[in-house]
Amino acid sequence: MKNNVNNTTTNTKLILLHPYIQKQGTTNRLWLLAFISLFTIAFLLTVMIYTRESIATTVTAVAATGAAKTTSSPPLPKSVVKALLHYAANSNITDKMSYADTKLISDALRHCSAPCNFLVFGLTAETLLWKSLNHNGRTVIIEENRYFAAYMEETNPEIEIYDVQYATKISQLNELITTAREKMKNECRPVQNLLFSDCKLGLNDLPNQLYEVDWDVVLIDGPRGYWPDGPGRMAAIFTAGVLARSKKGGNGKTHIFVHDFNRKVERVSSEEFLCKENLVKAKGMLGHFVVEKMEENSVQFCRNRTSSTSSSS
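Residues numbered from 1 in each chain as written. Predicted model: local features only at pLDDT ≥ 70, side-chain atom pairs only at ≥ 80, totals over all residues. Heavy atoms only, no water.

What follows is about the confidence of the model for the chain. Residues of the chain with pLDDT of at least 70 account for 73%, and the chain-wide mean is 82. In this model, residues 1–21 is a region of pLDDT below 50 whose contacts with residues beyond four sequence positions or in other chains number three contacts. Contacts of residues 57–71 to residues separated by more than four positions or lying in other chains number zero contacts, the stretch itself having pLDDT below 50. (pLDDT = per-residue confidence, 0-100. Contact = heavy atoms within 4.5 Å.)

Here it is, written out as structure tokens:
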């Protein structure tokens, strides 16, 4: 019995230590290790991809939400608008617009679809007011005095200002209008890209990008126009009329306001290039025109041409 036990033990040991059995166990362990490694790598890759996609989706959603808030920002409450107009009209500045005039412009901005593009000729006491009233849109100021423009830009960096040099004089009013009529089918067309215009009344030295903007509201309150050698507002009025008629998209109508409309130059130039049939309201010192875009081959500003110069001289 003892020998049998010993023999059995010996045989068992021989079987456990057999080289083939040892090799087979090692191979199985290697396969198991490889399987676990592959499973782990696949799991990690899945987690990484899912995490990256989740982050990207979250960032996109946040950005979209922010953009939506920006574009859908509500207009200023009527009470705020009323307060701004009140304090602007009752300031101690002597050269300022009346409450009635600023109210008309404010109403146009308020009813303008956001983002509203507002072009203003002239740095005035109301510049900060215009920027505030058009808080959802873009307000661009065109100023003849480069030093004043630089000062305002430095002290109010949120305002977009560009300086421009005018090549006209008030004393040339009749001559300029006569020349514009003669070249209405060529250089002084009502529909054109003013950047390439040779018309003396067309402002072609503004920043290029401004000619591509579809302006919704335009205010002409500059340049200076109260002495014979002053530049006058003929070029600003002509340019506004062309920009309104040359729009490529957006609202087909442009609201154009001319301040100091009671003066000869402003009234005559407006009747010539903005046209009487487009005059909505003229009260006090403000003229309000609504000008529609025209076909590219149009060669006449107004449907009913009259001699403004002869009746105003």
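Having seen it, we continue.
In this model, Ala114 is joined to Pro115 through a cis peptide bond whose omega is -5°. Relative to the assigned elements, Pro115 resides in the loop between α4 (99–110) and β1 (117–121). With an omega dihedral of 5°, the bond running from Gly222 to Pro223 counts as a cis peptide bond. On the secondary structure map, Pro223 appears in the loop between β4 (217–220) and α8 (234–245). A positive phi angle is found at Asp260, which is not glycine, with a value near 60°. Along the chain, Asp260 turns up in the loop between β5 (253–259) and α9 (264–275). Although it is not a glycine, Cys275 sits at a positive phi angle of roughly 80°. Following the sequence through the fold, Cys275 ends up in helix α9. Using a relative accessible area of 0% as the deciding quantity, one classes Cys275 as buried. (Helix = DSSP H or I, 4+ residues; strand = E, 2+ residues; numbered from the N terminus. Buried < 20%, exposed > 50% of the residue type's maximum accessible area, 1.4 Å probe, protein only.)

With that out of the way, let us pick up the pairing of strand β6 (residues 279–283). Sheet analysis places β6 next to strand β7 (residues 286–292), joined by four bridges and oriented antiparallel. Each residue of the ladder has a partner; that of Lys283, found in β7, is Leu286. Where β6 folds back onto β7 in an antiparallel hairpin, the turn is made up of two residues, including Gly284, whose phi is positive at roughly 65°. (Pairing = 2+ DSSP bridges.)

Within the open sheet, the seven strands sit side by side as β3-β2-β1-β4-β5-β7-β6. Their pairing is mixed. Because the sheet does not close on itself, it has two edges, and the strands there are β3 (160–163) and β6. Taken pair by pair, the neighbouring strands of this sheet meet at an average axis angle of 15°, ignoring direction. Looking at chain direction, strand β2 (residues 138–143) and β3 are connected through four bridges and run parallel. (Axes fitted to C-alpha atoms, helices over the stretch in contact; angles between N-to-C directions.)

Our next topic: the packing of α8 against α9. Between α8 and α9, whose axes approach to 9 Å, the crossing angle comes to 20°. Comparing their axes, α9 and α8 come out roughly parallel. α8 and α9 meet at a crossing whose hand is right-handed. In this structure, α8 uses Met234, Ile237, Phe238, Gly241 and Arg245 to contact α9, whose residues at the interface are Val265, Glu266, Ser269, Ser270, Phe273, Leu274 and Cys275. (Parallel < 35°, antiparallel > 145°, perpendicular 65-115°, else oblique. Left-handed = near helix turned anticlockwise from the far one by under 90°.)

Right, let's get into the state of the cysteines. Enumeration according to the criterion identifies three disulfides in this entry. Between the sulfur of Cys112 and that of Cys116 lies a disulfide, 2.3 Å long from S to S. A torsion of 100° about the S-S bond marks the disulfide between Cys112 and Cys116 as right-handed. Residue classification places Cys116 among the buried positions, given a relative accessible area of 2%. The residue that forms a disulfide with Cys188 is Cys199, at a sulfur-sulfur distance of 2.1 Å. Taking the sign of the S-S torsion, 95° for the link of Cys188 and Cys199, the bridge is right-handed. Of this pair, Cys188 sits in the loop between α7 (173–182) and β4 while Cys199 sits in the loop between α7 and β4, placing them 11 residues apart in sequence. Relative accessible area serves as the criterion here: at 5%, Cys199 is assigned to the buried category. (Disulfide = S-S within 2.5 Å.)

Another aspect to go through is the nonpolar core. Membership of the largest hydrophobic core comes to 45 residues, with the highest contact counts inside it found for Phe121, Ile142, Leu201, Ile220, Phe238 and Ile256. Sorting the residues of this core by element identifies β1, β2, α7, β4, α8, β5, α9 and β7 as the ones contributing at least two each. By residue number, the principal contributor to this core is α8, which donates nine residues. Discounting residues that sit within four places of it in the chain, Ile256 has contacts with Val218, Ile220, Ala240, Gly241, Ala244, Leu274, Gly287, His288, Phe289 and Val291. One finds Cys116, Val120, Leu123 and Leu129 within the second-largest nonpolar core, a separate group that totals 24 residues. (Core = buried A, V, L, I, M, F, W, Y, C linked by side-chain atoms within 4.5 Å.)

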